[in-house]
Each structure stands twice: as C-alpha cells, then as structure tokens.
Amino acid sequence: MNPSAGVVERRNFIGGCFVASARQFPKLSPVDGSIVAMVHEADAALVDAAVAAARGAMRGAWGRTGATARAECLRRIADGIEARFDDFVAAEVADTGKPVALARRLDIPRGAANFRVFADLLRATAQDSWFLETADGRGALNYAFRKPLGVVGVIAPWNLPLLLLTWKVAPAMACGNAVVVKPSEETPSTATLLAEVMRDAGVPDGAFNLVHGFGPQSAGEFVTTHPDVDAITFTGESATGSAILRAVAPTVKPVSFELGGKNPAIVFADADFDAAVAGTAQSVFENTGQVCLCTERVYVERPIFERFVAALAARAQAVQLAWPHTDVPDAMGPLISRAHRDKVLSYFDAAREDGATVVTGGGTPTFGDARDAGAYVQPTLWTGLPETARCVREEVFGPVAHLAPFDTEDEAVALANDTRYGLAATVWTRDLSRGHRVAQQMECGLAWVNCWFLRDLRTPFGGAKLSGIGREGGAHSMAFYSEPVNVCVKL
Ligand code: NAD
Ligand code: 6OD
C-alpha cells in the first residue's frame, strides 16, 4: 500500500538512521477508524541489519561507554522525552485513543522516569565480593562483576506503549546492552519518537534499534528467533509468551516474560466503602481495562455485596466515552482496535450464554458521529456467573468485571487464588493485620492493600503461574539484563 498523502510515516531505526521498507501497513485510529500512520514493516533482512548494528555497537562506541557515561546518556534520554512531552502525548493518544489526561499523568511521565530510575540504580548497584581464607594464610579475593548480555530483543505490547517499552529498554541500556526493539504493530508512534530522542541525545549508533511489524512471520518472530540476539524480554499475552518460549528454545536464550492476568480484588465489609468503590472502579476501567494489572474479578463480603455492586454500577454509568481530547472526569477511551473489540464482545456474548446478570453495560455505544467507526465498548459488570465461566477464568482485557459474594476470609483467599494466572491482587480492608495476612497469601507477583497500581519503580514486578517468568524492577532488572562473571584472585 502506498502511504496516503499527509499521513505520518513510522520508519525503522537501524544503526542510527531511519530506514524505510518496501512494505507498509496502516495504523488505524481506534477512535474513528482513520489512518493515523503508515508503518514501515521490517522484513527479515532489516531485522538482520538491526541485530548486526546492535552487535557492532557492542564492539564499538557503546561497548566502550562506561557506567558513568551510560547513566548520563540515560538522563539525556529522559530530558529528551520531557522536552518533547506534548509530542509524545499526542502520538500515544493518536495510536491508542486513550484520554489525553491519562497519557499526561501516566504513560509519558513514567516512560521518562524509567530512564532516570535506572540511571540512578546503575551508580548504586553493588557487586559481590568475598575474601577467602586459604591454607597458606595469604587468602584470595573472590568477586563477581556483571557484564551486559549483549544484544537484547525487546518485544512490547500496545496497552501502555512508551511506559512498557522503556521499562525494558532503560535497564537493558543501563547495563550496557544494545537493544533491538519491536513495539506493537498497534502502537508504532512513541517508539519512533523515542528513536529520535536517542539520536538527538547522542546515543551511539546501533545501541538502540527499532523494527516495526507484527508477531508471527514478521519482525517479532524474526527478532525472537534470531541466532545473534542474546536475550528476549517480552510483555504481552500468555499465549504469545508460549510461542516465544518455543521459538527461543533452540538457541537457549534467557527470557523475561511479563504476561497476562485475571486479577482479583477482595473487598471486606470493614473497608472504607467509598475508597474501595473508587479504587475498584479505577482498577476495572482505567485505560479501558487494558492494563495487565486491571481487576476483572471482584469478591465482596456478603453484608455489603448488593450495596457495593450498586455503587460500582453507578461509577460505570458515570464513565464518559469521550473523544480523547475532551477534558471530562471519568473519561474512558476506546479499546485498541476493532479486532480487540470483537474479542471483548465475544466475552459479552459468553457471559450471557453462561447465565450472567448484566448489571450494567454489555454492549457498544452509539454516538451518531465518527466515533461509531471506532472501537468503543460500554463499561460492563456482571454478577451470577459460576467460577467456571469463561468470563471468570479467561483474561478479557477490557473494561469488565464479574462480582461475587463471599462469607469468610479463607473463602475469599481460595476464590482469589483459583486461577491459572498470578499477576496482581487487591485487598480492601480497614484491618491492616488482615490486609497483610491476605496479601501474603495471594498467589501472585504484586498485592495491593487499599490502593491499586501504586508502585515504586525499584520494587519487583512480574507474575506467577501463567503471568510470567522472572521479575523486573530495580535490582531485579539489573540482574536480568546483565550476567555475573566470577573471578577469584589468589593473593
Ligand atoms: P500480544 O502478545 O498480542 O503482543 C505483544 C507483542 O508481541 C507485540 O509486539 C506483538 O507484535 C508481538 N508478538 C505477537 N506474536 C509474536 C510472536 N509469535 N513472536 C514474537 N512476537 C510476537 O499482546 P498485546 O495484545 O500487545 O498486549 C495485551 C496482553 O499483554 C494482555 O494479555 C496483557 O495482560 C499483557 N500484558 C502484560 C503485562 C505485564 O506486565 N504482565 C503488561 C502489559 C500487557
Ligand atoms: O509499574 C509499572 O510501571 C509497570 N511495569 C506497569 C505495567 C502495567 C501493565 O500493563
């Protein structure tokens, strides 16, 4: 397809240069279906070139860049994102349709913060060092220093595009690796702006490379199967994680996987009711339910169940399916695409088939304007489903939740843990001892008490069970993106 006149083009960035490809695909706005950008899809040869550029950077200027200079480099990248804050916001909003206010509050600031946090950590990470006693009394110094893995393939999703991509790029580069980054085909834009920032920040050519495209038989697969890529870090669906695991098996690469979730919230009767309703509403509807940490199962202690359902439904009904630039409270954007909307709508059907009571929502809105060509759905709450129903077991990744009552703390813990996923959980209670006790019993990587999505970037992040392999965040990221070499010196 030829680029349409006036439509921005998103090119690959290889060895410090923007590179066009023979094949392009349109990125459509989820707000109204218009073309946002024409994206240059990297073929196998371009991915080869990107990996070669990364390898060259490791042998060249980037490989010789010491930790202090790398930390300064990361800070210049953060400065560069902040200097072009409005461009990044506009690009993220154009690709995703999310409210401008959300991109300004969350996506772009946290994207920049990732570079600052890992710049600081780089200077604060200690190395292992031990003194060994030896028979001759002279001893030995046994220490381990950490070196980069080499070329890291970064495969990113579309839900928090810049935030989740930089969450991996920043520590990978802090540790001295060169990266080949494949953003989601749905969100090519902020990754491309980031390439411009890298260039303008004086990052050595080849240290950061960007290839656009899809997953199977496209840039994603070409990166993950490339024999000269040393490690893969991936955020996305659990099924894609399985496919990547199979793809990397022949070359035995280290992997870090942040995958899907089916996250529970447990609301005890003693909770601050209004805070629990507001926090649960945020955790169900933020980013149109497209955050891996979003709550999709809500267990409420029986004495407050009916009241809680009614209050959460009122919140859902107050949500405004607004144009992204409209500054209204409780704004919610579309899903990422019509294809994803079809998937979410199939769960709306499944809920009805499985006997749900649709408390609110369950359909698509009609606007009478261009948004009717977009990917909007109504915020949706169900009750009455058995725990075996698809909408209780499977990740929907939309603004939906099923609510069910419980009678005892043990029952709530058992219900919350009855899932093949294990990413996050939220507990709402005024009894802090119970908050700690229940949080510690959650079979997941992150548990919140009386809050949601509140996390210091230095703390561990990741999931149990189907939700991932490994942890990133702070020292955990520094450990994944580098490998120790054990040296012992006889004195
Ligand atoms: P996805 O798995 O469809 O795609 C993610 C990325 O993988 C994209 O760049 C895609 O092009 C690429 N890809 C797809 N198939 C591939 C293959 N066979 N080989 C190589 N690359 C491939 O996920 P998505 O739809 O972009 O994101 C939504 C999913 O991501 C949800 O399941 C959500 O829970 C999960 N997610 C998890 C976290 C986390 O930290 N645990 C964070 C955000 C999103
Ligand atoms: O805390 C973060 O910044 C983080 N890694 C969030 C992940 C959200 C997943 O959709």
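**Details of the site of ligand 1**
Then comes step 1: Around ligand 1 sit 30 residues in total, of which Lys182, Glu185, Thr240, Leu259 and Glu395 are the nearest.
Then comes step 2: Within the contact set of ligand 1, an oxygen atom lies 2.6 Å away from a side-chain nitrogen or oxygen of threonine 240.
Then comes step 3: In the complex, 92% of the free accessible area of ligand 1, which totals 850 Å², lies under the protein chains.
Then comes step 4: Of all the elements in the fold, those that place two or more residues in the shell around ligand 1 are helix H7 (219-224), strand S11 (231-235) and helix H8 (238-248).
Then comes step 5: Of all the elements, H7 adds the most residues to the shell around ligand 1, at three residues.
Then comes step 6: Considered class by class, the residues forming the shell around ligand 1 number 15 nonpolar, nine polar and six charged.
Then comes step 7: Both domain 1 (8-259 + 467-490) and domain 2 (263-456) contribute no fewer than three residues apiece to the shell around ligand 1.

**Some thoughts on the site of ligand 2**
Then comes step 1: Neighbouring ligand 2 are 13 residues, the closest being Arg110, Asn159, Leu163, Cys292 and Arg455.
Then comes step 2: Arginine 110 places a polar side-chain atom, nitrogen or oxygen, 2.7 Å from an oxygen atom of ligand 2.
Then comes step 3: Measuring from an oxygen atom of ligand 2, one finds a side-chain N or O atom of arginine 455 at 2.9 Å.
Then comes step 4: In the complex, 100% of the free accessible area of ligand 2, which totals 310 Å², lies under the protein chains.
Then comes step 5: The element that contributes the greatest number of residues to the shell around ligand 2 is helix H5 (residues 161-174), accounting for three residues.
Then comes step 6: Here the shell around ligand 2 is built from residues that sort into ten nonpolar, one polar and two charged.
Then comes step 7: Shared between two domains, the shell around ligand 2 takes at least three residues from each, and those domains are domain 1 (8-259 + 467-490) and domain 2 (263-456).

**Details of unusual backbone geometry**
Then comes step 1: For glutamine 217, which is not a glycine, the phi torsion comes out positive at approximately 50°.
Then comes step 2: Within the secondary structure layout, glutamine 217 lies in the loop between strand S10 (208-210) and H7.
Then comes step 3: Judged by its relative accessible area of 66%, glutamine 217 is exposed.
Then comes step 4: A positive phi angle is found at threonine 288, which is not glycine, with a value near 60°.
Then comes step 5: Summarising the element assignment, threonine 288 is placed in the loop between helix H9 (273-285) and strand S14 (295-301).
Then comes step 6: Judged by relative accessible area, threonine 288 falls into the buried class, the value being 4%.

**Considering the domain arrangement of the protein chain**
Then comes step 1: When its domains are assigned, the protein chain resolves into domain 1 (8-259 + 467-490) and domain 2 (263-456).
Then comes step 2: Across the boundary between the two partners, domain 1 contributes 27 residues, which contact 30 residues of domain 2.
Then comes step 3: Buried area between domain 1 and domain 2, both sides added, is near 2,300 Å², and the carbon and sulfur share of it is 59%.
Then comes step 4: In terms of surface lost to domain 2, no three residues of domain 1 exceed Val31, Trp158 and Ser467, which account for 25% of the buried area on that side.
Then comes step 5: Between the two partners, domain 1 and domain 2, sit one salt bridge.
Then comes step 6: Notably, a salt bridge pairs glutamate 286 with arginine 105, separated by 2.9 Å at the nearest N-O pair.
Then comes step 7: On inspection of domain 1 and its partner domain 2, the count reaches nine residue pairs in polar contact (both at pLDDT 80 or more).

**With respect to the nonpolar core**
Then comes step 1: By size, the foremost hydrophobic cluster in this structure holds 95 residues, and its most contacted members are Ile81, Phe115, Val169, Met173, Leu194, Phe208 and Leu293.
Then comes step 2: Looking at this core element by element, the count peaks at twelve residues for helix H4 (residues 100-124).
Then comes step 3: The residue makeup of this core includes at least three contributed by each of domain 1 (8-259 + 467-490) and domain 2 (263-456).
Then comes step 4: Beyond its immediate sequence surroundings of up to four residues, valine 169 is in contact with Phe115, Val154, Val179, Val181, Met198 and Phe208.
Then comes step 5: Grouped together as the second largest cluster of nonpolar side chains are 30 residues, Leu385, Val396, Phe406 and Met442 included.

**A closer look at the pairing of S14**
Across a regular strand the side chains alternate sides, sitting on one face of the sheet and then on the other.
Then comes step 1: Judged by how many residues are buried, S14 sits mostly within the fold: seven of seven residues are covered.
Then comes step 2: With five bridges joining them, strand S13 (residues 263-267) and S14 adopt parallel strand pairing. Looking across to S14, one finds that alanine 265 is bridged to valine 298.
Then comes step 3: Viewed along the sheet, the connection from S13 through H9 into S14 turns out right-handed.
Then comes step 4: Pairing geometry for S14 and strand S17 (residues 400-406), over five bridges, is parallel. Note on S17: the bridge partner recorded for glutamate 301 is phenylalanine 406.

Calculation rules
Residues numbered from 1 in each chain as written. Chains lettered and ligands numbered in written order. Predicted model: local features only at pLDDT ≥ 70, side-chain atom pairs only at ≥ 80, totals over all residues. Heavy atoms only, no water. Near = heavy atom within 4 Å. Polar contact = N/O pair within 3.5 Å; in protein donor to acceptor, adjacent residues only side chain to side chain. Areas by Shrake-Rupley, 256 points an atom, 1.4 Å probe, with all protein chains shown as cover. Helix = DSSP H or I, 4+ residues; strand = E, 2+ residues; numbered from the N terminus. Nonpolar A, V, L, I, M, F, W, Y, C, P; charged D, E, K, R; others polar. Domains from an automatic or database assignment. Buried < 20%, exposed > 50% of the residue type's maximum accessible area, 1.4 Å probe, protein only. Contact = heavy atoms within 4.5 Å. Buried area = accessible area lost by both parts, 1.4 Å probe. Salt bridge = Lys/Arg side-chain N within 4 Å of Asp/Glu carboxyl O. Core = buried A, V, L, I, M, F, W, Y, C linked by side-chain atoms within 4.5 Å. Pairing = 2+ DSSP bridges. Right-handed = clockwise from strand over helix to strand, strands pointing away.

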